[in-house]
Amino acid sequence: MTTLLKNDIRKRVTDPLDSIHQETGDTPFRVFSDWVNLTLASFTGDEESYQKTLSRYRSNGFDEDAVDRLVNLHAEALGGLVLGLEESKEDILGGVYEHYGLTSDRFGQYFTPGPVSRAMAAMTIPDDAELREGTLDDPLVIGDISGCGSGRLIVDTARQLRVVAPEVPAVFLGYEKDSLCAKMAVINFVLNDVIGYVLLGDALKLKPQKVWSAGTGRMLKGERPVSVLTVEETDWVVSRFFGEEDRIAAEETSQGSLVDFELG
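A brief look at the structure comes next. Per chain, the residues get numbers from 1 upward, laid out in the order the sequence is written. The predicted origin of the model limits local features to residues at a pLDDT of at least 70 and limits the giving and counting of side-chain atom pairs to 80 or more, whereas totals for whole chains, interfaces and linings rest on all residues. Hydrogen atoms and water are omitted, and side-chain values are computed over all heavy atoms in the structure.

## Quick look at the overall build of the protein
Runs of E in the DSSP output that reach at least two residues are strands. Runs of H or I that reach at least four are helices, and both are numbered from the N terminus. A tally of helices and strands in the protein yields 11 helices and 5 strands. Burial classification: accessible surface area is computed with a 1.4 Å probe over protein chains only, and a residue below 20% of its type maximum counts as buried, one above 50% as exposed, and the rest as partly exposed. Burial status across the protein gives 48% buried among its 264 residues. Every residue pair with non-hydrogen atoms within 4.5 Å of one another is taken to be in contact. Taking as baseline every contact in the protein between residues at least 6 positions apart, the subset at least 24 positions apart corresponds to 68%. Looking at the protein as shown, the accessible area adds up to about 13,500 Å², and 52% of this sits on carbon and sulfur atoms. In short, Shrake-Rupley with a 1.4 Å probe defines the accessible areas, and a residue's cover is counted only from the protein chains shown.

## Some words on the packing of aromatic side chains
Working definition: rings of Phe, Tyr and Trp (its six-membered ring) pair if their centres are within 6.5 Å, and the pair is stacked with planes under 30 degrees apart, edge-to-face with planes over 60 apart, and tilted otherwise. Under the definition given, this model contains 7 aromatic pairs. Pairing Tyr57 with Phe62 gives two aromatic rings, centres 6.3 Å apart and planes at 75 degrees, and the pair type is edge-to-face. Given the relative accessible area of 1%, Tyr57 is considered buried. Here the aromatic cluster, defined as three or more aromatic residues joined through ring pairs, consists of Phe32, Trp35, Tyr97 and Tyr100.

## A look at the packing of helix α1 (residues 7-24) against helix α5 (residues 92-101)
Packed helix pairs are specified by the crossing angle of their axes together with the interaxial distance, meaning the distance between the axes. The contact between α1 and α5 brings their axes to 10 Å, and the two run at 55 degrees. Considered as vectors, α1 and α5 are oriented oblique to each other. As for the relative orientation of α1 and α5, their crossing is right-handed in sense. Counted together, Ile9, Arg10, Val13, Thr14, Leu17 and Asp18 of α1 and Ile92, Val96, His99 and Tyr100 of α5 form the full contact between these two elements. By residue class, the composition of the contact of α1 with α5 is 6 nonpolar, 2 polar and 2 charged. Axis lines are fitted to C-alpha atoms, over the contacting stretch for helices. Their N-to-C directions set the angle, which ranges from 0 to 180 degrees. Orientation categories follow fixed angle ranges, with anything under 35 degrees roughly parallel, anything over 145 roughly antiparallel, 65 to 115 roughly perpendicular, and all other angles oblique. In this scheme the handedness of a crossing depends on how the near helix is turned from the far one: anticlockwise by less than a right angle means left-handed, clockwise means right-handed. In this classification, the charged set is Asp, Glu, Lys and Arg, the nonpolar set is Ala, Val, Leu, Ile, Met, Phe, Trp, Tyr, Cys and Pro, and all remaining amino acids, among them Gly, are polar.

## Thoughts on the pattern of salt bridges
Any carboxyl oxygen of Asp or Glu within 4 Å of a side-chain nitrogen of Lys or Arg constitutes a salt bridge here. Applying the stated criterion across every chain, the model contains 12 salt bridges. Note that Arg30 and Asp34 form a salt bridge whose closest N and O atoms lie 3.5 Å from each other. One end of the pair, Arg30, and the other, Asp34, are both in helix α2 (residues 28-44), 4 residues apart, so they sit about a helical turn from each other. On the accessibility criterion, Arg30 (36% relative accessible area) is partly exposed.

## Details of the sheet that holds strand β3 (residues 196-200)
Two strands are counted as paired when DSSP detects at least two bridges linking them. The 5 strands lie next to each other as β1-β2-β3-β4-β5, forming an open sheet whose pairing is mixed. Two strands bound the open sheet, and with one partner strand each, they are β1 (140-144) and β5 (226-228). Within this sheet the neighbouring strands show an average axis-to-axis angle of 20 degrees, counted without direction. Strand direction decides the pairing type here: strand β2 (residues 170-176) and β3, joined by 5 bridges, are parallel. Across the sheet, Gly174 pairs through a bridge with Val198, a residue of β3. Along the sheet, helix α9 (residues 179-191) makes contact with β2, β3, β4 (210-214) and β5, crossing β3 at roughly 170 degrees.

## Description of the pairing of β1
Residues Leu140, Ile142 and Asp144 of β1 are buried on one face, while the alternating residues Val141 and Gly143, pointing to the opposite face, are not. One ladder, built from 5 bridges, connects β1 with β2; its direction is parallel. Following the sheet pairing, Gly143 is matched in β2 by Leu173. Whether a crossover is right-handed comes down to one check: with the strands pointing away from the viewer, does the path from the first strand over the helix to the second run clockwise; if it does, it is right-handed. Handedness of the crossover joining β1 and β2 through helix α8 (residues 152-164): right-handed.

## Digging into the pairing of β2
Most of β2 sits inside the fold, with 7 of its 7 residues counted as buried. The side-chain alternation of β2 yields two buried faces, one formed by Ala170, Phe172, Gly174 and Glu176 and the other by Val171, Leu173 and Tyr175. Remark: the β2/α9/β3 crossover connection has right-handed handedness.

## Some thoughts on the packing of helix α3 (residues 47-59) against helix α4 (residues 64-88)
In the contact formed by α3 and α4, the axes pass within 10 Å of each other and the chain directions differ by 135 degrees. As the angle between them shows, α3 and α4 are arranged oblique. Crossing hand, α3 versus α4: right-handed. The segment α3 lies against α4, with Tyr50, Leu54, Tyr57 and Arg58 engaging Glu64, Val67, Leu70, Val71 and His74.

## A closer look at α1
Multiply 1.5 Å by the residue count of a helix minus one, and that product is the helix's expected span. Compared with the 26 Å implied by 1.5 Å per residue over 18 residues, the 24 Å span of α1 between its first and last C-alpha is a close match. Throughout, the bend at a residue refers to the angle made by two axes, fitted to the seven residues ending there and to the seven starting there. The largest bend along α1 reaches roughly 35 degrees and is located at Val13, with the proline Pro16 sitting one to four residues downstream. Of the positions making up α1, those classed as buried are Ile9, Arg10, Val13, Thr14, Pro16, Leu17, Ile20 and Thr24. If you follow the buried residues of α1, they end up packed against α2, α3, α4 and α5. Of the residues flanking the end of α1, it is Gly25, one or two places downstream, whose phi is positive at about 80 degrees.

These figures come from the coordinates and say nothing about function on their own.
The structure is reproduced here in structure tokens:
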């Protein structure tokens, strides 16, 4: 593992997920994916997606009491995640993902070690002159668009920015082509109070399949902390933060690049 989580912190999440695995017979990959999907559905208010997992439990023969018990275990894992974040300031979500990667061939990614991520974050912070340029109308933009994984580098950068320049408005961008990892990044944005966007898709094309907007401040207005952007809103994000020149360059170079990438 590249995240050195203390066992007691990790087990706050993995113990209830392991109980779901034992009760349902679902693979750790399936249990973890269900948990991420249920968590994100609750953040977006997507009742249809939330009920999809519960319907599968019911179709597999679980009665309502059993379904309620499984839902409570999912909620317990989320509570453990929140407590673990408060105590350790580590990427608990990514660490749990890596933990299950040791026992499942469905997990192929491993993330940047926490100490390395924090060192990279320190180098990512702009200089004082650039920091002073950030305004509400033109905030500082910081992104990890080469494959943000669980959003570890973005979260570490946001934390360091709060220390050196807490008054500077900033928007954070994550780009990830793996759906599960992108969802993990969205959850980490919410739990770490990071304002910004997570784009699902291949950054070489600059044509995201889906974009989530995250910001806990909207909860003060009675809104959900995450929303899924419309096509028009997605186009605005790509144009606003990547620019027309980047879009054209991506379209011109993506075909040849993508062939080599996919074959590799």
